[in-house]
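# Results of the structural survey
Each chain, letter by letter, is given below.
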Amino acid sequence: MTQSLIAGVDVSKHRLDITLYDGEKQNSYDIAYTSKAFNCLMKRYDDRPIHVVCEATGNYHLKLGKIAYDKGLKFSSVNPFIIKRYGDVWMKRAKTDRVDSRLIAQYGYEYTPASTKQISPSRMTMQQILKAIDDLHNTESEYRNRLEAHSVNPYGVGEVEAVYTQILETVKIERKKLEDQLIGIVQTEHKEPYELLLSIPGIGPIGASVIIAFFGKFEGFDTSKQAISYIGTSPVVKQSGQYKGKTMISRKGNPYLRKKLYMCAISARRCNLHCIPLYQRLTEKGMAKKPATVAVLNKLVRQAFGVLKSGKPFDLNIGKNNT
């Protein structure tokens, strides 16, 4: 079987630095970030299977993934933290786009990262809507605080207060439109997993939409532990010799998911009969409320993983004593 060429790609807004590596020879290129330029370069290597590897960098790498998928190439997006650690092992001191692309190519050749699953257009749309809703929530909080501060200012201007009030009303209206659009998509195109997730106490319409948008049915995960690691709430114990530090969460995952699922956990610690005793037991042992709630979050992820993988609604009696 012909050895794959690894295309290590450092992605920026307008340019791609690409290193083609076969374990011996490296060829580096700097091209425009367009499908035409990328496909023109890849055409030179049509006689070899190509595996495109890049760092997962916000939204910039998504376009590269689509270009690679459309051309029928294997594509992997890797956590930037992993690439950084790999570079530390090799004591890479230079930091340029070309050096980064070579490092990514070397990593891809040595470790052959798993293919990144192509997300359906509806899930991509849901992700964008969810983040826009979150942005509008933040804007709403910001202008509510500004309005409150202005109201106690003895030199407050009525016109300014009217503008802030109008902005708040507009934000609320637009946020409601997006929420309705989101629920319409999930109920139409992801009805089965949506209803399965709603069977779990603590997971509401937004929480279920978040899980579906970012995880689907957990097709890319073999265990719930992997999903928890992706979120960044897996426990990490720091210990050296006789010193034993506090148990922390890794935080090497998706901050948006941590934020949204934490809100679900706050609800679950009050209404989910599997999560209530877990939360109570941990807090009674002296654990602070926040880390105890994170433990509930991880419990919720395991429950969501279970119902989506099994295709069966949440059953209160399953795992009742495993809290």
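Model, not experiment: these values are computed from the prediction.

## Some details on the packing of aromatic side chains
- The full count for this structure, using the stated rule, is 13 aromatic pairs.
- The interplanar angle of 85 degrees and the centroid separation of 5.9 Å between the aromatic rings of Y86 and Y111 together place this pair among those described as edge-to-face. A residue pair is termed long-range when its members are at least 10 positions apart, and Y86 in helix α3 (residues 80-89) and Y111 in helix α4 (residues 97-111) qualify at 25 residues.
- An aromatic cluster of three or more residues is present, and its members are F215, F218, F221, Y230 and F305.
- In this structure, K63 packs its charged tip against the face of Y33, placed 4.7 Å from the ring centre.
- Sitting above the plane of the Y143 ring, R146 keeps its charged end 4.8 Å from the centroid.

## Notes on the pattern of salt bridges
- Under the counting rule described, the total for this entry stands at twelve salt bridges.
- With its nearest N and O atoms 3.0 Å apart, the salt bridge here joins E140 to R175. One end of the pair, E140, is in helix α5 (residues 121-151); the other, R175, is in helix α6 (residues 158-189), with 35 residues separating them in the sequence.
- A relative accessible area of 6% places E140 in the buried class.
- Using a relative accessible area of 14% as the deciding quantity, one classes R175 as buried.
- Through salt bridges with shared partners, a single ionic network connects E140, R144, R175 and E179.

## Considerations on the sheet that holds strand β2 (residues 15-21)
- The five strands are arranged β3-β2-β1-β4-β5 in an open sheet whose pairing can be described as mixed. Unpaired on one side and paired on the other, β3 (26-32) and β5 (74-78) mark the two borders of the sheet. Each neighbouring strand pair of the sheet contributes to a mean axis angle of 20 degrees, computed without reference to strand direction.
- Of the pairings in the sheet, the one linking strand β1 (residues 5-11) to strand β4 (residues 50-55) comprises five bridges and is parallel in character. By the bridge assignment, I6 is partnered in β4 with H51.

## Brief notes about the packing of helix α7 (residues 191-198) against helix α12 (residues 289-310)
- Closest axis-to-axis distance for the α7/α12 pair is 9 Å, and the angle between their directions is 140 degrees. Taken together, the axes of α7 and α12 are oblique relative to one another. Here the hand of the crossing between α7 and α12 comes out right-handed. Taken together, the residues of α12 that come into contact with α7 (itself represented by P193, L196 and L197) are A304, V307 and L308.
- Residues belonging to the contact of α7 with α12 are distributed by class as follows: six nonpolar, no polar and no charged.

## Brief notes about the packing of α6 against helix α8 (residues 205-215)
- Packing of α6 against α8 leaves a shortest axis separation of 11 Å and a crossing angle of 60 degrees. Here α8 runs oblique to α6, going by the angle between their axes. Handedness of the crossing formed by α6 with α8: left-handed. Residues L182, I183 and V186 of α6 touch α8, and the partners they reach there are P205, I206, S209 and I212.
- For the contact of α6 with α8, the residue count by class is six nonpolar, one polar and no charged.

## Points about unusual backbone geometry
- Phi angles above zero are rare outside glycine, and T112 is one such case at about 45 degrees.
- Within the element layout of this structure, T112 appears in the loop between α4 and α5.
- You can call T112 partly exposed: its relative accessible area is 46%.
- Unlike most non-glycine residues, F218 shows phi in positive territory, near 60 degrees.
- When you line up the elements, F218 lands in the loop between α8 and α9 (224-231).

## Here we look at the nonpolar core
- Counting residues in each nonpolar core, the largest one holds 45 residues, and the members touching the most others are L197, I211, F215 and F218.
- Among the secondary structure elements, those contributing two or more residues to this core are α5, α6, α7, α8, α9, α10 (255-271), α11 (275-284) and α12.
- Considering each element in turn, this core owes the most residues, nine residues, to α12.
- Beyond its immediate stretch of four places on either side in the chain, F218 contacts I211, A227, A304, F305, L308 and K309.

## Notes on the pairing of β3
- Across seven bridges, the pairing between β2 and β3 is antiparallel. Residue D17 lies in a different strand from β3, and its bridge partner there is D30.
- Following β2, the chain reverses through four residues before pairing antiparallel with β3; G23 in that reversal takes a positive phi of roughly 100 degrees.

## Things to note about the environment of E189
- Checked against the element boundaries, E189 lands in helix α6.
- When its relative accessible area of 51% is taken as the criterion, E189 is described as exposed.
- Expressed as a C-alpha distance, the spacing of E189 and R123, which sit 66 residues apart in the sequence, is 9.3 Å.

How each quantity is defined
- Residues numbered from 1 in each chain as written.
- Predicted model: local features only at pLDDT ≥ 70, side-chain atom pairs only at ≥ 80, totals over all residues.
- Heavy atoms only, no water.
- Phe/Tyr/Trp six-rings, centres within 6.5 Å; stacked < 30°, edge-to-face > 60°.
- Helix = DSSP H or I, 4+ residues; strand = E, 2+ residues; numbered from the N terminus.
- Lys NZ or Arg CZ within 6 Å of the ring centre and 35° of its normal.
- Salt bridge = Lys/Arg side-chain N within 4 Å of Asp/Glu carboxyl O.
- Buried < 20%, exposed > 50% of the residue type's maximum accessible area, 1.4 Å probe, protein only.
- Pairing = 2+ DSSP bridges.
- Axes fitted to C-alpha atoms, helices over the stretch in contact; angles between N-to-C directions.
- Parallel < 35°, antiparallel > 145°, perpendicular 65-115°, else oblique.
- Left-handed = near helix turned anticlockwise from the far one by under 90°.
- Contact = heavy atoms within 4.5 Å.
- Nonpolar A, V, L, I, M, F, W, Y, C, P; charged D, E, K, R; others polar.
- Core = buried A, V, L, I, M, F, W, Y, C linked by side-chain atoms within 4.5 Å.

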